[in-house]
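Here are the chains, one letter per residue:
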Amino acid sequence: MGRAIEPDMDETRDILTGLADPAQMRRTVWRWQSEWPGYAGNCPIHAMLITIGRIDTVNVAFGESTGDVALVEVAQRIRHFAADELESGVWLAARLNGGNFVLLAREECTRERWQWLAEALADAIAGPIANPEGGANLRLWPRLALMRAGENDDADSILDRLSEVAARTRHSAGSRIAWSSGAVAASKRSSHELEADLLAAIDGEEIEILFQPQYSLDTDEMIGAEALARWHHPQIGRMGAASLFQIAERADHTAHLSRHIAQRAMEQARDWPAHLRLSLNITPADLGADNFALDFARLSERVGFSLERVTLEIIEQVLLGDLDRVASVLDQLKLLDCRIALDDFGAGFCNFRYLKVLPLDCIKLDRSMVDGVAEDERDQAVFRAIMGMARALELKVLVEGVETAKQRDFCAAEGCEYYQGFLRAEPVAVTDFLALASA
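The structure presented is a predicted model; accordingly, all values stated were derived computationally and were not measured.

**Considerations on the pairing of strand S7 (residues 222–233)**
Consideration 1: Across the 12 residues that make up S7, a large majority, 10, are buried.
Consideration 2: As paired elements, strand S6 (residues 208–216) and S7 share 8 bridges and run antiparallel to each other. When the bridges of S7 are listed, Glu-208 appears paired with Arg-230.
Consideration 3: The turn linking S6 back onto S7 is made up of 5 residues, and Asp-220 within it adopts a positive phi angle of 65°.
Consideration 4: Both S7 and strand S9 (residues 277–281) contribute to a ladder of 3 bridges, which runs parallel. Pairing of Glu-226 across the sheet is with Ser-279, part of S9.
Consideration 5: Both S7 and strand S8 (residues 237–240) contribute to a ladder of 4 bridges, which runs antiparallel. Residue His-232 lies in a different strand from S8, and its bridge partner there is Arg-238.
Consideration 6: The antiparallel pairing of S7 with S8 creates a hairpin that spans 3 residues between the two strands.

Written out as structure tokens, the structure is:
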């Protein structure tokens, strides 16, 4: 999982979304280029401008507060996508104005891969967003302009070139992805070919399972790990779990992929010390199956990994359908001794009815909740309010994305139980995880 650029003393952010603002974007590009060694050639900066065309319609139809909720959710999806998919880990997401965002990456990247990443991000943004006023879910339709910075490009010329493409394609009925050259890149693999590639990768057990270690904030001892899926496509490169499931969804194989990941993760976790837990993500397709709880119990028995050691993590998209049905399935899983965690808490809109209806054991605070919390009093106030609610509901709290000792110490002082993040460990293969567990 990638990480954003390290903050500097002059870091400035967009007030609404918490992403970088245009001034920070300009400073970052200048810094990347000035620090890049001359002997290595041109600094490899790829950029995409994400334009949310229907945000004005949302503001008119539902009010600006609903539009703000939607923009915050879009920002979180961009942030999560970049952290999951960008291999170098050197990237920046910024909000320019209104519904305009930019994502920059400093890494070597083929034209085909940057095109594919844009398609995958567009799919992620276009997914349903819970309407805070109730009623039908919101859907936003992004258009993306892409480019690779040239030798003479700076931040302003990058924005100018991307804006020209966006203006040219705004009223076009053509592709939602366009390049600054005016051409639309053609991926070497069509959607149907990618779907076939994924099925072959599942059959050939080419989907890699990594484990993100989790630690106690009280003792700093390892308490388990979250399983993460990766796929190294021979032409496109590395894909994270979000992209894998987008491809699987188009082929109607989401449940198949989810089951495959769960089985391989439990098989690799069989040799862990008995006190370590395994966290698995479950999808809407999983919870939509009539016999999911029973089938999952059978899978656990067949693999030989006890459900008492499993935590199932759900995200808000899982809950946008029939909440009562989801609650019923989770109740069945609880009877089988699974623990249930609500993932990405604090990222975008959250319906507090979830906390009343669902049989939760834990909430996982999104990384945005600790980004800057050690220095910002308003962030601290929000964090403490969430902790008070969690204590009142007798929920454990795990914090994601802890990257500094200050963040860890603050979370410990506020009564959080667990954490994960680059401060202690990045996602690792099972052999490296076992070495960390025994250290």
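Don't stop here, the text continues.
**A short note on the sheet that holds strand S4 (residues 142–148)**
Consideration 1: Spatial ordering of the open sheet is given by S2-S3-S1-S4-S5, a layout of 5 strands whose pairing is mixed. The outermost strands of the open sheet, each flanked by one partner alone, are strand S2 (91–97) and strand S5 (177–179). Averaged over all adjacent pairs, the angle separating strand axes in this sheet is 20°, with direction ignored.
Consideration 2: Where strand S1 (residues 45–52) and S4 come together, 7 bridges link them in antiparallel fashion.

**Some details on the pattern of salt bridges**
Consideration 1: Within this structure, the stated rule accounts for 19 salt bridges.
Consideration 2: Between Asp-123 and Arg-176 there is a salt bridge whose closest N-O contact spans 2.6 Å. In this pair, Asp-123 sits in helix H4 (residues 111–126) while Arg-176 sits in the loop between helix H5 (155–169) and S5, placing the two residues 53 residues apart along the sequence.
Consideration 3: For Arg-176, a relative accessible area of 26% corresponds to the partly exposed category.
Consideration 4: Close ionic contact of Asp-295 with Arg-298 constitutes a salt bridge, the shortest N to O distance being 3.8 Å.

**Considering the packing of aromatic side chains**
Consideration 1: Summed over all chains, the structure comprises 6 aromatic pairs.
Consideration 2: Relative to Phe-410, the ring of Phe-383 has its centre 5.2 Å away and its plane inclined at 70°; by these criteria the two rings are edge-to-face. One end of the pair, Phe-383, is in helix H13 (residues 377–392); the other, Phe-410, is in helix H14 (residues 405–413), with 27 residues separating them in the sequence. Both residues of the pair, Phe-383 and Phe-410, count as buried.
Consideration 3: Positioned over the ring face of Trp-179 is Arg-111, at 4.1 Å from the centre of the ring.
Consideration 4: Seen from the ring of Tyr-215, Arg-424 lies directly overhead, with NZ or CZ sitting 4.0 Å from the centre.

Criteria and thresholds
- Residues numbered from 1 in each chain as written.
- Predicted model: local features only at pLDDT ≥ 70, side-chain atom pairs only at ≥ 80, totals over all residues.
- Heavy atoms only, no water.
- Buried < 20%, exposed > 50% of the residue type's maximum accessible area, 1.4 Å probe, protein only.
- Helix = DSSP H or I, 4+ residues; strand = E, 2+ residues; numbered from the N terminus.
- Pairing = 2+ DSSP bridges.
- Axes fitted to C-alpha atoms, helices over the stretch in contact; angles between N-to-C directions.
- Salt bridge = Lys/Arg side-chain N within 4 Å of Asp/Glu carboxyl O.
- Phe/Tyr/Trp six-rings, centres within 6.5 Å; stacked < 30°, edge-to-face > 60°.
- Lys NZ or Arg CZ within 6 Å of the ring centre and 35° of its normal.

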